[in-house]
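What the coordinates show
If you want the building blocks of each chain, they are given just below.
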Amino acid sequence: SGIMYVYLNGVMSGASLFKGTDSFRSNAKSIVFNSNYCDLDLYRIKIHTAALNYGEITQNWAADARTLQEK
C-alpha cells in the first residue's frame, strides 16, 4: 500500500491511497483525470517513485514554467 500525492504547480493538491496490487506502468494505455468542479488543462505529467524534497519540487516547477517571467 502507499499514498500517491498530486502536486499542481508545486502545491500539493490531493492525495490518494493505492493498494500494493496497483501499479503504474509506462506502457499503460490511458491515464484519466476528471473533476466535477473545474476544467483541467494538463500540459505535462511526471511520475516519481520517491518523495521529492522542497528543492526538487521547486526545480521541477521552474523547469516546466512556460515563460521566463514564471520562472
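Residues numbered from 1 in each chain as written. Predicted model: local features only at pLDDT ≥ 70, side-chain atom pairs only at ≥ 80, totals over all residues. Heavy atoms only, no water.

Before going further, it helps to examine the overall build of the protein. The helix and strand tally for the protein stands at 1 helix and 2 strands. When each of the 71 residues of the protein is scored for burial, the buried share is 7%. Contacts in the protein between residues at least 24 apart in sequence constitute 9% of all its contacts with a sequence separation of at least 6. Of the roughly 6,800 Å² of accessible surface on the protein, a fraction of 52% belongs to carbon and sulfur atoms. (Helix = DSSP H or I, 4+ residues; strand = E, 2+ residues; numbered from the N terminus. Buried < 20%, exposed > 50% of the residue type's maximum accessible area, 1.4 Å probe, protein only. Contact = heavy atoms within 4.5 Å. Areas by Shrake-Rupley, 256 points an atom, 1.4 Å probe, with all protein chains shown as cover.)

On to helix 1 (residues 54-64). When helix 1 is considered as a whole, its buried residues turn out to be I57, N60 and D64. The buried residues of helix 1 all sit within an arc of 65 degrees when viewed along its axis, so they share a single face. Away from its buried face, by an angle of more than 90 degrees, helix 1 presents the exposed residues Y54, Q59 and A63. Check the buried side of helix 1 and you find it contacts strand 1 (2-8). Sitting at the head of helix 1, N53 places a side-chain oxygen 3.0 Å from the backbone nitrogen of G55. (Arc of directions from axis to C-beta. Polar contact = N/O pair within 3.5 Å; in protein donor to acceptor, adjacent residues only side chain to side chain.)

Before going further, it helps to examine the environment of A51. Along the polypeptide, A51 turns up in the loop between strand 2 (11-18) and helix 1. On the accessibility criterion, A51 (77% relative accessible area) is exposed. Sequence separation of A51 and M4 is 47 residues, and the distance between their C-alpha atoms is 9.6 Å.

The next subject is the confidence of the model for the protein. On average, residues of the protein score 75 in pLDDT, and 80% of them reach the 70 mark or higher. Here strand 1 stands out as the least confident element of the protein, with mean pLDDT 77; helix 1 is the most confident, with 83. (pLDDT = per-residue confidence, 0-100.)

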